[in-house]
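The primary structure of each chain is shown beneath.
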Amino acid sequence: MSGTAVITEPAAAPHKPWYRVLYVQVLIAIVLGALLGWLLPEFGKNDWVRALGDGFVKLIRMVIAPIIFCTVVSGIAHISEVRKVGRVAVKALVYFEIVSTFALFIGLLVAHVMQPGAGFSGKTDAAAVASFAKQAGEMKSVDFVLHIIPDSAIGAFAAGDILQVLLFSVLFGLALALLGERGNALRNIIDEAAQTIFGIIAIVVKAAPIGAFGAMAYTVGRYGPSTLGNLAGLVATFYVTSILFVVVVLGSIARIAGFSIFKYLAYIKDELLIVLGTSSSESALPQLMEKMERLGCSKPVVGLVVPTGYSFNLDGTNIYMTLTTLFIAQALNVPLTYGEEATILIVAMLTSKGASGVTGAGFITLAATLAAVRPELVPGMAIVLGIDKFMSECRALTNITGNGVACIVVGWWEGELDRKALDAGLSRQVDPSNVRMAEATD
């Protein structure tokens, strides 16, 4: 199969010393960062401490555009049947819309059952949320569609806009595939460039514990361990709902596709901890793409599904938007009709497409949803502003989990999934923490 990972040694991977395992290092860093922010909050709020987390995210974002370009172009250029690209894209979008609708509906249902905003008596600060509401007011569906088309190809890479880079990469890959044998030299160069970029990622990812330490220390130092306070109910409800969504909904989908959601979560635990520390699913995008390829998904599927999912398959963001919308309505004692709740589902489905893996994007799309459904609810966003940082971590964790599952499912649906590689990866016959470019066959 073109572009699928090849498992050369079926034997179990040798065990690393515990202190050299990435997820252990990241977990220790998160705990130490939280302790520092709690015991020395003034030091935790220091700009240099924050720079540790922000710097790591910037290092990862630095290579996202080139890795998407190389992966997508290489995958498409090696496809003998160009129509397969469109087929994979359509299947991915169908899957995204179905699962996203489930996520939105679950958030709405849980808000009705748990009533997290009922009897709320907290203070609000409408001025604090003004900037988010302003950005949301500028978001329109037609603008979002036009924004996918970059003003220039170079500008798309400079801005690091995932959808713009993806569009240019698809067009470039299709044009290269149509060149046939004349494009072999350029294809080989792009393949080698991808190997080099994954080498950069292997170097950068070693700094993940430092980034997680800085991000967690700043978060706890800036907002304080008591930040959850009287809003702990909403945070707990959101986390439990997201966990149930992953286990029940994504777990059922995984079972249908023939794999275990728990083994999959264990396979990507390094990436989940990086996301937990940085509150951004974008920080683990390159590693996720590489791991999905080594898990048996073909290059075209990985290159199309994963980057696209970062804008079209945001399960955690969808749960957050409907759950938080009803929480605000309950807190402000603004009753919503069933028609308005149906409108929330439709509007949230559209506005969520504008949220990428960047920290805080879900808060902006929440403002867009509220402004479209009931504008008088927008000031109520100040109620959840203080805890949005904690909720963004859960959004990011759910989003990255859903995108990985989507990649495997679409690969299985398209017949582009290597079952032997999938079983070997999930059964730990290969070391998933060894982040490097998988060997590929053409």
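Here the structure is a predicted model, which means the values were calculated and not measured.

Moving on: the overall build of the protein. A count of helical and extended segments in the protein gives 21 helices and zero strands. Split into buried and exposed, the 442 residues of the protein put 55% on the buried side. Counted over contacts in the protein with a minimum sequence separation of 6, partners at least 24 positions apart contribute 86%. Accessible surface for the protein amounts to roughly 18,800 Å². Of this, 65% is attributable to carbon and sulfur atoms.

Before going further, it helps to examine the side chain of serine 298. Mapped onto the fold, serine 298 is located in the loop between helix 14 (285-294) and helix 15 (299-312). Polar side-chain contacts of serine 298 include one of 3.2 Å to the side chain of glutamate 416.

Let us look at the pattern of salt bridges. What the rule picks out here adds up to seven salt bridges. Of the charged contacts in the structure, one is a salt bridge between aspartate 54 and arginine 50, with a shortest N-O distance of 3.8 Å. Residue aspartate 54 and its partner arginine 50 are located together in helix 3 (residues 47-77), separated by four residues, close to a single helical turn. By relative accessible area, which is 41% here, aspartate 54 ends up partly exposed. Here arginine 87 ties to glutamate 414 by a salt bridge, and the two come within 2.7 Å at their closest N and O atoms. Placement of arginine 87 in helix 4 (residues 83-114) and of glutamate 414 in helix 20 (residues 388-414) is noted, with a sequence separation of 327 residues between them. Judged by relative accessible area, glutamate 414 falls into the buried class, the value being 12%. Because the salt bridges share partners, they merge into one network encompassing Asp47, Arg50 and Asp54.

This part takes up the confidence of the model for the protein. Summing up the model confidence of the protein, the mean pLDDT is 78 and the portion of residues at 70 or higher is 78%. Considering each helix and strand of the protein separately, the mean pLDDT is smallest for helix 5 (residues 130-137), with a value of 50, and largest for helix 12 (residues 261-267), with 94. Of the regions scoring below 50 in pLDDT, residues 122-133 engages in 19 contacts with residues more than four places distant in sequence or in other chains. Here residues 436-442 scores under 50 on pLDDT; set against residues more than four positions off or in separate chains, the count is 25 contacts.

Contact geometry of helix 11 (residues 232-257) with helix 16 (residues 315-331) gives a least axis separation of 10 Å together with a crossing angle of 140 degrees. The pairing of helix 11 with helix 16 is recorded here as oblique in orientation. Note that helix 11 runs across helix 16; the crossing there is right-handed. On helix 16, the residues touching Leu234, Thr237, Phe238, Thr241, Ser242, Phe245 and Leu250 of helix 11 are Asp315, Gly316, Ile319, Tyr320, Leu323 and Phe327.

We now examine the packing of aromatic side chains. Across all of its chains, the model carries nine aromatic pairs by this definition. Pairing phenylalanine 259 with tyrosine 264 gives two aromatic rings, centres 6.4 Å apart and planes at 70 degrees, and the pair type is edge-to-face. Grouping aromatic residues by their ring pairs yields a cluster made of Phe69, Phe157, Phe168 and Phe172. Lysine 291 extends its terminal NZ or CZ atom over the ring of tyrosine 267, reaching a point 5.3 Å from the ring centre.

This part takes up unusual backbone geometry. Residues other than glycine seldom take positive phi values, yet glutamine 115 does so here, at roughly 50 degrees. Relative to the helices and strands, glutamine 115 is located in the loop between helix 4 and helix 5. Glutamine 115 sits in the partly exposed class, given a relative accessible area of 36%.

Attention now goes to a nonpolar patch on the surface. A surface patch of nonpolar side chains, amounting to about 1,200 Å² of accessible area, comprises Trp18, Tyr19, Leu27, Ile28, Val31, Leu32, Leu35, Trp38, Leu39, Leu40 and Phe43. Counting residues per element, the nonpolar patch draws most heavily on helix 1 (residues 22-39), at seven residues. Within the element layout of this structure, tryptophan 38 appears in helix 1.

With respect to the helices, strands and loops of the structure, tyrosine 267 is situated in helix 12. When the C-alpha positions of tyrosine 267 and serine 427 are compared, they lie 8.8 Å apart, and in sequence the two are 160 residues distant.

Next up on the list: the nonpolar core. In terms of nonpolar packing, the biggest core is built from 113 residues, with Ile68, Tyr95, Tyr264 and Met292 touching the most fellow members. Tallying contributions element by element places helix 3 first for this core, with 13 residues. Apart from the residues within four sequence positions on either side, tyrosine 95 is in contact with Leu250, Ile253, Asn313, Val405, Ala406, Val409 and Val410.

Taken as a whole and judged by the stated rule, the model has zero disulfides. Left without a disulfide partner, cysteine 407 is nearest to the cysteine sulfur of cysteine 297, which lies 3.8 Å away.

The next subject is the environment of arginine 83. Relative to the assigned elements, arginine 83 resides in helix 4. A sequence separation of 91 residues divides arginine 83 from leucine 174, and the C-alpha atoms of the two residues are 9.8 Å apart.

The next point concerns the packing of helix 3 against helix 8 (residues 162-178). Closest axis-to-axis distance for the helix 3/helix 8 pair is 8 Å, and the angle between their directions is 30 degrees. Comparing the axis directions of helix 3 and helix 8 gives the class roughly parallel. Seen from above, helix 3 lies across helix 8 with right-handed handedness. Facing Ile64, Ala65, Ile68, Phe69, Val72, Val73, Ile76 and Ala77 of helix 3, the residues of helix 8 in contact are Ile162, Val165, Leu166, Phe168, Ser169, Val170, Phe172, Gly173, Leu174, Leu176 and Ala177. Grouping the amino acids of the contact of helix 3 with helix 8 by side-chain chemistry returns 17 nonpolar, two polar and no charged.

Cut-offs used in this document
- Residues numbered from 1 in each chain as written.
- Predicted model: local features only at pLDDT ≥ 70, side-chain atom pairs only at ≥ 80, totals over all residues.
- Heavy atoms only, no water.
- Helix = DSSP H or I, 4+ residues; strand = E, 2+ residues; numbered from the N terminus.
- Buried < 20%, exposed > 50% of the residue type's maximum accessible area, 1.4 Å probe, protein only.
- Contact = heavy atoms within 4.5 Å.
- Areas by Shrake-Rupley, 256 points an atom, 1.4 Å probe, with all protein chains shown as cover.
- Polar contact = N/O pair within 3.5 Å; in protein donor to acceptor, adjacent residues only side chain to side chain.
- Salt bridge = Lys/Arg side-chain N within 4 Å of Asp/Glu carboxyl O.
- pLDDT = per-residue confidence, 0-100.
- Axes fitted to C-alpha atoms, helices over the stretch in contact; angles between N-to-C directions.
- Parallel < 35°, antiparallel > 145°, perpendicular 65-115°, else oblique.
- Left-handed = near helix turned anticlockwise from the far one by under 90°.
- Phe/Tyr/Trp six-rings, centres within 6.5 Å; stacked < 30°, edge-to-face > 60°.
- Lys NZ or Arg CZ within 6 Å of the ring centre and 35° of its normal.
- Patch = residues over 30% accessible without salt bridge, like charges linked within 9 Å, V, L, I, M, F, W, Y side chains within 5 Å.
- Core = buried A, V, L, I, M, F, W, Y, C linked by side-chain atoms within 4.5 Å.
- Disulfide = S-S within 2.5 Å.
- Nonpolar A, V, L, I, M, F, W, Y, C, P; charged D, E, K, R; others polar.

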